[in-house]
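Spelled out from the first residue to the last, the chains are:
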Amino acid sequence: MESSICPVITWILLAENGLPPGWLDPPGFLAEAEQAVYQGFRFDVRRREWALGRLAAKKLIQQARLQPAVGVVLEPVCIEPDWGETAEALRAIAVLPAADQGPRVQILAGSAWRELDGSLSISHSHGRAFCAFAPGCEAWTGRLFSGRLFSAGIGADIEKIEPRSAEYVQNYLHPQETLWLQQTARLQSGVMLKTLLWSIKEAALKSIRRGLALDPRAPVCLPELEALQAGGWHLARVAWDVHFTGGESFPDLAGWWRRLDDDILTIMGPI
Ligand SMILES: CC(C)(COP(=O)(O)OP(=O)(O)OC[C@H]1O[C@@H](n2cnc3c(N)ncnc32)[C@H](O)[C@@H]1OP(=O)(O)O)[C@@H](O)C(=O)NCCC(=O)NCCS
């Protein structure tokens, strides 16, 4: 990733227990089409998670649209939600599930909804919602896709640092990652490293809009050792092993990860 002109990638993290009162009960910020999806969930926990993700996404998009689309950015920009805005203003943004279950954003312009030119990704964990947004612009498409037409965008993931089983290593890690884990585990807790790899994989699988429909061994990431000790955002890269993609090829991805308290946050894209 070069430090020249890049799309300005923004992110937000909302905790359900940190919201001003009344935002989720009821979620008056949902557009009509979103209300229909919301009402369709059978379990309250999923309904609340979904609504929190929508709230975070809308707050992010609202603020991100005030940012310049491109700039000299070295890392993603954190957006603080503006709670002065009314729920009604957020009803002009609709974040609906696309056919692949990834988010699709529409904006109300006059009386018509139009697709937002940009890429959004949503992740939930333990009462928190983490979203990242990248504007769609010439710089992004020309630079990121190297002239190739490819359906990929931003992928975000939040993952709580917690133990993972031996089956996890066996079933989800690429052989090179397993080796990396063995070599690195003496420097860092294996719990943290396994969480990190999983977070990068999920963000990568969302970036190419496949999710776990693709074998999680397909995205291969070997994070740099020195970055593991320090705070803040760190660069990450993902390549794809066609042995696990059924022969399909995808663009290499790049992005960032960071530790925030007991979570790993990751943002990946075809950068
Ligand atoms: C995408 C996926 C990896 C998400 O992982 P997760 O740990 O369950 O959950 P996260 O909270 O991190 O992410 C969930 C968000 O990912 C997004 N998402 C779902 N499918 C996506 C896809 N194909 N591409 C990009 N984003 C996707 C959605 O925005 C979802 O949140 P929402 O439904 O509230 O809008 C996983 O749910 C998945 O693969 N879903 C697709 C369905 C599928 O193929 N299932 C096979 C199960 S083996």
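Just above sits the structure.
Rules of the game
- Residues numbered from 1 in each chain as written.
- Predicted model: local features only at pLDDT ≥ 70, side-chain atom pairs only at ≥ 80, totals over all residues.
- Heavy atoms only, no water.
- Helix = DSSP H or I, 4+ residues; strand = E, 2+ residues; numbered from the N terminus.
- Buried < 20%, exposed > 50% of the residue type's maximum accessible area, 1.4 Å probe, protein only.
- Contact = heavy atoms within 4.5 Å.
- Polar contact = N/O pair within 3.5 Å; in protein donor to acceptor, adjacent residues only side chain to side chain.
- Pairing = 2+ DSSP bridges.
- Axes fitted to C-alpha atoms, helices over the stretch in contact; angles between N-to-C directions.
- Phe/Tyr/Trp six-rings, centres within 6.5 Å; stacked < 30°, edge-to-face > 60°.
- Lys NZ or Arg CZ within 6 Å of the ring centre and 35° of its normal.

Caption draft 1: Looking closely at unusual backbone geometry. Here the bond from Asp-25 into Pro-26 is cis, since omega is -5°, no more than 30 degrees from zero. Relative to the assigned elements, Pro-26 resides in the loop between strand S2 (10-15) and helix H1 (32-40). One non-glycine residue with positive phi stands out, namely His-126, at about 45°. Assessed through its relative accessible area of 55%, His-126 is described here as exposed.

Caption draft 2: Layout of the environment of Ile-12. Position of Ile-12 relative to the elements: it lies in strand S2. Between the C-alpha atoms of Ile-12 and Glu-80, which are 68 residues apart in sequence, the distance is 6.9 Å. Look past the residues within four positions of Ile-12 in its chain and what remains in contact with it is Ala-56, Lys-59, Leu-60, Ile-79, Pro-81, Ala-129, Phe-130 and Cys-131.

Caption draft 3: Quick look at the side chain of Thr-266. Residue placement: Thr-266 occurs in strand S14 (residues 263-269). You can call Thr-266 buried: its relative accessible area is 0%. Side chain to side chain, Thr-266 and Ser-199 meet in a polar contact 2.8 Å long.

Caption draft 4: Spatial organisation of the sheet that holds strand S5 (residues 93-97). Taken together, the three strands give an open sheet; going across it, the order is S5-S6-S7, and neighbouring strands pair in antiparallel fashion. The open sheet has two edge strands with one neighbour each: S5 and strand S7 (112-115). Strand-to-strand twist across the sheet, computed as the mean angle between neighbouring axes with direction ignored, equals 35°. Judged from the four bridges that link them, strand S6 (residues 103-109) and S7 form a sheet pairing that is antiparallel.

Caption draft 5: Structural detail: the sheet that holds strand S13 (residues 253-260). Strand order across the open sheet formed by five strands is S10-S14-S13-S12-S11, with antiparallel pairing between neighbours. Single-partner strands in this sheet number two, and they are strand S10 (155-160) and strand S11 (219-220). In this sheet, strand S12 (residues 234-240) lies alongside S11 in antiparallel orientation, the contact comprising two bridges. Bridge pairing in S12 places Pro-219 opposite Trp-240.

Caption draft 6: Highlighting the packing of aromatic side chains. Counted according to the given criterion, the structure contains nine aromatic pairs. Geometrically, the ring pair formed by Trp-11 and Trp-233 is edge-to-face, given 5.4 Å between the ring centres and 80° between the ring planes. Residue Trp-11 is found in strand S2, and its partner Trp-233 is found in the loop between S11 and S12; the two are separated by 222 residues along the sequence. Judged on exposure class, the residue Trp-11 and its partner Trp-233 are both buried. With a centroid separation of 5.1 Å and an interplanar angle of 35°, the aromatic rings of Tyr-172 and Trp-198 are classed as tilted. Of this pair, Tyr-172 sits in helix H5 (residues 166-172) while Trp-198 sits in helix H7 (residues 190-207); the two residues are 26 residues apart in sequence, bridging distant segments of the chain. The structure contains a cluster of three or more aromatic residues connected by ring pairs, namely Trp-11, Phe-130 and Trp-233. The ring of Tyr-168 carries Arg-164 above its face, with NZ or CZ at 5.9 Å from the centroid.

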